[in-house]
Structure formats: C-alpha cells, structure tokens
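# Coordinates in review
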Amino acid sequence: MKKIEKNDQIRNIAIIAHVDHGKTTLVDALFRHSGVFRQGVMVEERIMDSLDLERERGITIAAKNCAVMWKGVKINIIDTPGHADFGGEVERSLSMADGAILLVDASEGPLPQTRFVLKKTLEAGLKIIVVINKIDRKDARPAEVLDEIYDLFIDLDADEEQLDFPVLYCVALQGIAKRSVDEESQSLDSLFESIVEEIPAPVHDPDKPFQMLVSDLGYSDYLGRLAVGRVFNGRAGQSDQLVCLGPDGGRHNLRVTKLQVYTGQDLSEVEEVVPGEIAVISGIEEVHIGDTICTRENPVPLKRIAVDEPTVSMKFSINTSPLSGREGRYVQSSKIWERLSREILRNVAIQVEKTADRDSFLVKGRGEFQMAILIETMRREGFELSVGRPQVIFKHEDGKKLEPVEHLFIDCNEAFMGVVTEKLSLRKGRITNLVNHDTGRIRIEFTIPSRGLIGYRDEFLTDTKGTGIMNSYFTGYQEYRGDFPARFMGSLVADRPGTAVPYALSNLKARGNLFIAPGTVVYEGMIVGEHNRENDLNVNVCKEKKLTNIRAAGKDDAIILPPVLPMTLERALHFIRDDELVEVTPASVRLRKAELSATIRHSSRPKERS
C-alpha cells in the first residue's frame, strides 16, 4: 500500500487574477502583516514588480516567488501574471502550488483573463480560495460579483468540490480581509487562517528518493545557473551528488554547491531542503524548465510542465537600415540569436527557429503584447534589430485551413456601439452576446480571428475616445473565416536621405498624419507618416523653400506644425503591413519599408489591369 505523508509546516499557494485586480498589492499587504518588514521601515509599493517594465506599465510580466511565516507555518507565495499573453508564466508557476487565491475586483467582476487563469488552475486540480477585492469602491457590488464567479466556475466545468470554495472580502491596499462584507476587521488574519485551514499541505512518499521539478531559472554572478522548483519527494543537502534529467532523456550530473529557500522576497541558505519546499539549487549549468533533479542511484523523471502552443509568430532580423549601428551595442545576428536562446530557457511559452536567411529568426509566442515586451526588453539591453508584422500561426487538418480565434469582450459607451461593431464585423468578428445595464455603458462579446485584433487596439481607443475597454482570450482553432484588409490607409515614404525640414512637412500635412518632427534624420524607404488614401506615396521631406534675391513686401507666415505623437513600439507593430518593418534601437523606434529602394518597390509592384 502506498504510504503518503504531509508536511504541515508548509503551504504553497499561487495568486491569480485579471490584470490590475490587486495581486501584487495583496502580496505587499501579506508581507506587512506577517512581519517581513521591520516597524518603521519605508517600503515602496508593489515590491514584487521588480522589473522596470512592470513598474512602468503597472502589470506583472514574470511570475515570482516569495514566502511569509504565519504562526509557525511557512507560506510560499507565487505572484503570477494576469495577462493571457504570459500564460506560460502561469502554467509553470502553478506546477509549484497546492492551491490558489482567485482575486476578483468587487466592481469589475470576473474578466476575460480571470477566466483564463482560473481555467488553468481548475485543470491543475488546485484548491481555490476566492477573494473579492476593493470592496471599499463606491461602485462595489460584491453580491453580484460572487454570483458571476459561481457562473464562471460552472461554465468552466468545475466539480462539486471545486464549487465549494471559501469566500473572503478584502481591501488589499489597507491590509483588511473578512469573511463577510459586514464583519469588522482591521487585519488579514482571516485570509491567513483560510490559507492554513483550506489549502492542503504538500504530500510526499517517504520511501521515495529526492525528486524536484524545475519550474524557473535564475542566474547569480557568484553561483552561476540557479534551478528553482518544488521538492516533491525526499530530501537533499549541501554537496549532494545529483542528476538532472532533460527532455530527451539526457542526464547531466551535478554537485549541489548551495541550497537556498525563500524568506520574504529574498533567499536564505539552508543545509537541507524537505518535501513540499520551493528550493533554489546551484551547481548545474545544463538545466531547462521542466527538467527533474533527482538522485543518481534512482533517476525517475517527474511529469514535465505542459504549456499551450504559440499562436503568433514574428520575424526578428538584424537592422539593415542606413542608420544601423549608430545607437545600439549589439547589432550582429549572432548576438540576437544568443539573446533569444537565453529567453527560451526562462520563458516556456516562447519558441525560436532559424530561417533560410541566416540573419533572421522566427520567434513564436502567445500574442503580440508578449512579443512587444520581449522586443522592448532587448532594446533596453542595447540591442538593435528589425521586426516584422505579427503573423498568426495557421494549422491544416482534413484539408481545411484553421486559424486561432479569440473571445473578445468590449466595454464601451452606447454611443460607440455602431462604429465598434462595424469595424469588428469587417475583421470577421461575430457577436455572441450583448448586455446593457442601462448605465450608459454596454458590454459586447465577439468571437474574432486573432489576426483581426492585430493593429485594432489603437483604432478602438480612437473610435471610443479613449473610454473603451477591450479584453480577449484565446479559445482555440476554427475554420479560416476569409480575407479582410489589414489597413485601409497607405504610408508616406521618404524618397531620399536627409533631414526633415518644416517647409516640406507643412506641405505634407494635407496628405495624412505625420510620424516625424522637423530635424529628424531620414533615409530612402523610411515611413514618415500615414497616407490618407489606400496607396503608398513617396515624398520629399527634405525639400527647402527656394530663396530669391527679391525681398517680399511682408514677412513669410510662420510655419506651424501639429504636434507629433511619439512613436511607441506597440503603435509601430499595430501600424505596419506585411511589406514593412519596425527598426528598433535603444534610442529610437522607426518604421521602414522592407525594400528601401523606391525604384525596386515600383518595378516589383503588381501591374494594374486597364
């Protein structure tokens, strides 16, 4: 008979939620309440959002580990991303947990990414505690939100045991949790008690040797590669001789040089790790996420982490523009390949392939936002590269072409319903639900091809005057819905190198929206604006006013140009067509034609029928 034991001194829990529902703020409150920070110490907000991009955008991009102590029980916490594009982070982090806190905004209720992260948690069979956060909002509606959560659980085929979840009401910013809305509480005691009582303690077989599943990787200048994961069985100590089992059955011997566990958000050294603990092992260079670290005498692999397939691909290549090499430190294709190879070690949802062109690589991921974050990270590290338009990954089954389809939720004012539905129907979107609460705002649900959403977000914000909210999640592959135009406007393309001057730009105002300001260095083939017609137009932005020796009676009118919106990476990726590229450097984001020569572009253009 199989012998199973529990480690009652440990709880492993993930915090899951939609973007901006308060996950990281709740972790801050748990830290404060458990005494991680000394009294009077100044601590910045959202301490777990340690990446610069996370702080700037106010979202969690990478899952991170931390730990707190509560009445002798160690609670390992995994703070997960709330955006579906970072689903790989959610999947790998759930492999370390025995339970999850589902955090839902008391006003907004369950949103699309709530569905995504909850679906993954239910599939993993984890015990769930529902926490309805921000109950102090004026528009909070906790009772209705709880009903919506039950509906969501039922819709995701939760069983009776999963439906019997405990509910707490919380104001994470103030560090308050309670079991009912009317209960008086000034602390998070109720939440800590629920975690210890409801989340099962990790179980293990005492007769089995050491087994640890690698769920994350780190790096230390002093220790080298760090393997982070949960210990499922057995114990390991300093200097133990172990083996790492790779995906293809490959074995890499290792000697443990240092054993660490999480204390707060920091690591502390220990002599031994026990079953159920989340450990950090150093002493191995050849290790990947999903590998099993175990004893050499009894090497038995654990089930590898499974992640959803990528749905979007992008071409990354070296920067071939005339301005290449001026602003970046790393410009060679070998450096770009090296960086992308490091990325796939830590990011299980990304795949990288070499192409026939040795200077280009195909990067596959979950969505354009995930790609944009990767590119933005690389440019901040000093890389200079060119990227193409995001392309969806098609499948072919039984002679049919299949494409990825998203479930899209639109929340906007009633007045904008017409323009939103018109634009989305052109992109092959189909309405599945429409809810009007008589508040002036409506919620519309669509199924739409993933390619229909590429480049639509900026257009949507313009159409709804910045008041619309758009969320989506991937639902699966369906039959191809047909072609549609990606963009109705053409590009204004510089026809020669030089520096943009106010006189030339003022004459182009009537032709469309400009992307550059006077003084910008341009080259032939660089996109300087959006044409207000369908075709591309080659323009001279360096043309200066002809001067004569005849003095005019009155002085020239001052040239006034409209302000130019700074070109961001996301805006650039949304704008480009298939024959265009985004040139990314640490200092600039430029748009360009893939073929810079206007003569070659003109000669290769398909002839129009007379």
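Overview of the structure.

## Describing the sheet that holds strand β14 (residues 251–255)
Here eight strands make up an open sheet; going across it, the order is β14-β13-β19-β10-β11-β18-β15-β16 and the pairing antiparallel. The sheet is open, and its two borders are formed by β14 and β16 (266–269), each paired with just one other strand. The sheet shows a mean angle of 40 degrees between the axes of neighbouring strands, direction not considered. Of the strand pairs in this sheet, strand β13 (residues 241–245) and β14 are connected by five bridges, and their pairing is antiparallel. Note on β14: the bridge partner recorded for Leu245 is Arg251.

## Considerations on the sheet that holds strand β8 (residues 176–178)
The seven strands are arranged β3-β4-β2-β5-β6-β7-β8 in an open sheet whose pairing can be described as mixed. Here the strands that pair on one side only, and so sit at the sheet edges, are β3 (64–70) and β8. Looking at each pair of strands side by side, their axes are set apart by 30 degrees on average, direction ignored. Relative to strand β7 (residues 167–171), strand β6 (residues 127–133) runs parallel, the two being bridged by four bridges.

## Section: the pairing of β7
β7 sits mainly inside the fold: five of its five residues count as buried. A two-sided burial pattern is seen for β7, the buried positions comprising Val167, Tyr169 and Val171 on one face and Leu168 and Cys170 on the other. Here β7 runs beside β8; their pairing, made up of three bridges, is antiparallel. Looking across to β8, one finds that Val171 is bridged to Ile176. Count of turn residues in the β7/β8 antiparallel hairpin: four residues, of which Gly175 carries a positive phi of about 70 degrees.

## Observations concerning a nonpolar patch on the surface
A cluster of nonpolar side chains, contributed by Leu426, Phe488 and Met489, occupies part of the molecular surface with about 270 Å² of accessible area. Of note, Phe488 is situated in the loop between β29 (469–479) and β30 (491–494). Given the relative accessible area of 43%, Phe488 is considered partly exposed.

## Remarks on the packing of aromatic side chains
Counting across every chain of the model gives nine aromatic pairs. Both rings, one in Trp70 and one in Phe192, keep their centres 4.6 Å apart while their planes meet at 15 degrees; by these two values the pair is stacked. Taken together, the residues span a long stretch of sequence, with Trp70 in strand β3 and Phe192 in helix α7 (residues 189–198) at a distance of 122 residues. The same class applies to Trp70 as to Phe192, namely buried. When the ring of Phe515 is compared with that of Phe575, the centres are 5.1 Å apart and the planes differ by 85 degrees; the resulting orientation is edge-to-face. Taken together, the residues span a long stretch of sequence, with Phe515 in the loop between β32 (512–514) and β33 (521–522) and Phe575 in helix α14 (residues 569–575) at a distance of 60 residues. Take Phe515 and Phe575: they sit in the same class, and that class is buried.

## Some remarks on the packing of helix α8 (residues 333–346) against helix α9 (residues 368–380)
Put simply, α8 and α9 touch, their axes get as near as 12 Å, and they point 125 degrees apart. Judged by the inter-axis angle, α8 sits oblique to α9. The two elements α8 and α9 meet at a crossing, and its hand is right-handed. The residues of α9 that touch α8, namely those facing Ile336, Arg339, Leu340 and Glu343, are Leu374, Thr377 and Met378.

What counts and how
Residues numbered from 1 in each chain as written. Predicted model: local features only at pLDDT ≥ 70, side-chain atom pairs only at ≥ 80, totals over all residues. Heavy atoms only, no water. Pairing = 2+ DSSP bridges. Helix = DSSP H or I, 4+ residues; strand = E, 2+ residues; numbered from the N terminus. Axes fitted to C-alpha atoms, helices over the stretch in contact; angles between N-to-C directions. Buried < 20%, exposed > 50% of the residue type's maximum accessible area, 1.4 Å probe, protein only. Patch = residues over 30% accessible without salt bridge, like charges linked within 9 Å, V, L, I, M, F, W, Y side chains within 5 Å. Areas by Shrake-Rupley, 256 points an atom, 1.4 Å probe, with all protein chains shown as cover. Salt bridge = Lys/Arg side-chain N within 4 Å of Asp/Glu carboxyl O. Phe/Tyr/Trp six-rings, centres within 6.5 Å; stacked < 30°, edge-to-face > 60°. Parallel < 35°, antiparallel > 145°, perpendicular 65-115°, else oblique. Left-handed = near helix turned anticlockwise from the far one by under 90°. Contact = heavy atoms within 4.5 Å.

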